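Examination of the molecular architecture
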Amino acid sequence: MSLQDKYYSHPSAIVNSKQIGEGTKIWDFCNILEGAKIGKNCNICHGSFIEGNVTVGNNVTIKNNVSLWDGIMVEDNVFIGPGVSFTNDKFPRSKKHLKEYPKTLIKKGASIGANATILPGIIIGENAMVGAGAVVTKDVPANAIVIGNPAVIKGYTDVEVQKWDTFVKPRNTFSKTKTNVKGVEIYKLPKASDIRGELSFVEYQKELPFLVKRAYMIYNVPGKEVRGEHAHKKLHQFLICIRGSVNVVLDDGKKKIEVTLNAMELGIHISPLTWSVQYKYTEDAILLVFASEKYDPNDYIRDYQDFLRVVKHGK
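In this report, we go over the structure that sits alongside the text. (Residues numbered from 1 in each chain as written. Predicted model: local features only at pLDDT ≥ 70, side-chain atom pairs only at ≥ 80, totals over all residues. Heavy atoms only, no water.)

1. So, empty space enclosed by the protein
Summed over the entire model, instances satisfying the criterion amount to 1 cavity of 30 Å³ or more. Taken as a whole, the largest cavity spans an internal volume of roughly 40 Å³. Lining the largest cavity are His230, Ala231, His232, Leu235, Gln237, Ile270, Ser271, Pro272, Leu273, Thr274 and Ser276. Of the residues forming the lining of the largest cavity, the biggest block, 3 residues, is contributed by strand S29 (residues 227-232). When its residues are assigned to classes, the lining of the largest cavity shows 5 nonpolar, 6 polar and no charged. (1 Å grid on protein atoms, 1.4 Å probe; cavity = no way out; pocket = protein on both sides within 12 Å on 5 of 7 lines; lining within 4 Å. Points joined across faces, edges and corners; volume = space filled by probe spheres on them. Helix = DSSP H or I, 4+ residues; strand = E, 2+ residues; numbered from the N terminus. Nonpolar A, V, L, I, M, F, W, Y, C, P; charged D, E, K, R; others polar.)

2. Description of the side chain of Arg214
Along the chain, the position of Arg214 falls in strand S28 (residues 214-219). For Arg214, which is buried and forms no salt bridge, the nearest opposite charge comes from Asp299, at a distance of 7.1 Å. Separated by 3.3 Å, the side chain of Arg214 and the backbone oxygen of Glu293 make a polar contact. Excluding residues that lie within four positions of it along the chain, Arg214 makes contacts with Leu235, Val289, Phe290, Ala291, Glu293, Lys294 and Tyr295. (Buried < 20%, exposed > 50% of the residue type's maximum accessible area, 1.4 Å probe, protein only. Lys, Arg positive; Asp, Glu negative; His and termini not counted. Salt bridge = Lys/Arg side-chain N within 4 Å of Asp/Glu carboxyl O. Polar contact = N/O pair within 3.5 Å; in protein donor to acceptor, adjacent residues only side chain to side chain. Contact = heavy atoms within 4.5 Å.)

3. Focus on the sheet that holds strand S35 (residues 286-291)
The 6 strands lie next to each other as S24-S25-S33-S30-S35-S28, forming an open sheet whose pairing is antiparallel. Both outer strands of the open sheet, strand S24 (175-178) and S28, are each paired with one neighbouring strand and no more. Averaged over all pairs of adjacent strands, the angle between their axes in this sheet comes to 20°, without regard to strand direction. Strand direction decides the pairing type here: strand S25 (residues 184-188) and strand S33 (residues 266-270), joined by 5 bridges, are antiparallel. Across the sheet, residue Lys188 finds its bridge partner in S33, namely Leu266. (Pairing = 2+ DSSP bridges. Axes fitted to C-alpha atoms, helices over the stretch in contact; angles between N-to-C directions.)

4. Here we look at the packing of aromatic side chains
The tally for this structure, following the rule as stated, stands at 8 aromatic pairs. Ring centres of Trp275 and Phe307 lie 5.5 Å apart, and the angle between their planes is 45°; on these two criteria the pair is classed as tilted. Linking Trp275 in strand S34 (residues 275-279) with Phe307 in helix H2 (residues 304-313), this pair joins segments that are 32 residues apart in sequence. Summarising the burial analysis for this pair, Trp275 and Phe307 share the class buried. With a centroid separation of 5.8 Å and 40° between ring planes, the pair formed by Tyr304 and Phe307 is classed as tilted. On the criterion of helical spacing, the pair formed by Tyr304 and Phe307 is a turn pair, its members being 3 residues apart in helix H2. (Phe/Tyr/Trp six-rings, centres within 6.5 Å; stacked < 30°, edge-to-face > 60°.)

5. A word on the pattern of salt bridges
With the rule as written, the count across this model stands at 7 salt bridges. A salt bridge links Lys138 to Glu225; its shortest N-O distance comes to 3.6 Å. Residue Lys138 is located in the loop between strand S20 (135-136) and strand S21 (144-147), and its partner Glu225 is located in the loop between S28 and S29; the two are separated by 87 residues in the primary sequence. Owing to a relative accessible area of 26%, Glu225 belongs among the partly exposed residues under this scheme. Between Glu293 and Lys213 there is a salt bridge, with its nearest N and O atoms 3.7 Å apart. Placement of the pair is Glu293 in the loop between S35 and strand S36 (300-301) and Lys213 in the loop between strand S27 (197-200) and S28, with a sequence separation of 80 residues. The network of salt bridges with common partners includes Lys191, Glu198 and Glu265.

6. Topic: the pairing of S29
Relative to S34, S29 is paired through 3 bridges, and the arrangement is antiparallel. Along S34, the bridge assignment pairs His230 with Ser276. For S29 and S36, the ladder comprises 2 bridges, and the chain directions are antiparallel. From the neighbouring strand, Ala231 faces S36, where its bridge partner is Ile301.

Now the structure itself:
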């Protein structure tokens, strides 16, 4: 059996690459240059163009009229919608070529909507979703949903949104409730209110489940910016939004929830090996964080795939 017999190529397509995976379909008027690497069971639709220094993984869908230029790598199970524009030169000039092109990486399971534009050197994270027409100017985190020009995060995929008021008891009492994410608990702190004002409090090693060794505040965060995007190996955290509101996404590697912190008597306990993201800060938001350990950069897990490996294998 010849290589041609292992994949389908429409008679009008030009396929010069010898590295095409079994079961892949290349449709009419596509052009695949020599050196391009295409995985198994891909679907490359009408009018698409792929240069020689491009790698495409398995089970990838590339819809009509998409061009993949040198320096672009697409991992497995990626969807690229019609008319998506990739670029590989921030300052292009006619007849002038870069010695080396920036590397653009589309990670496993990501989807890019129709007519989106991806600037050079961008990483789009695992299972991320880029909205139709978005202009992506910065890296997109794993599982993030981005829209607009420039693209900003508007949500996260496969997240269960939990309203904290479904957990709490009368406002002047203390309560805590486990969530669907392992190692994450919602706390409702005591609150006293009279004509002199309101008071909410927390006692170490009583309401707080650990001895606090560090505290810090996050504030003046532009609303479109994202904080967190990491997990800790040993550190416990307790989050309270003491002004405004912020949304917190919590992920144990299997399940994800999103909680809005918008009341000073509301707290979240985050155990080690929980991926945490904070976003949708209001302009006046102040996030207070209690930590069980002093700052240690070696305690952070900043890559989502590394986090998943640690959760699964323990190292």
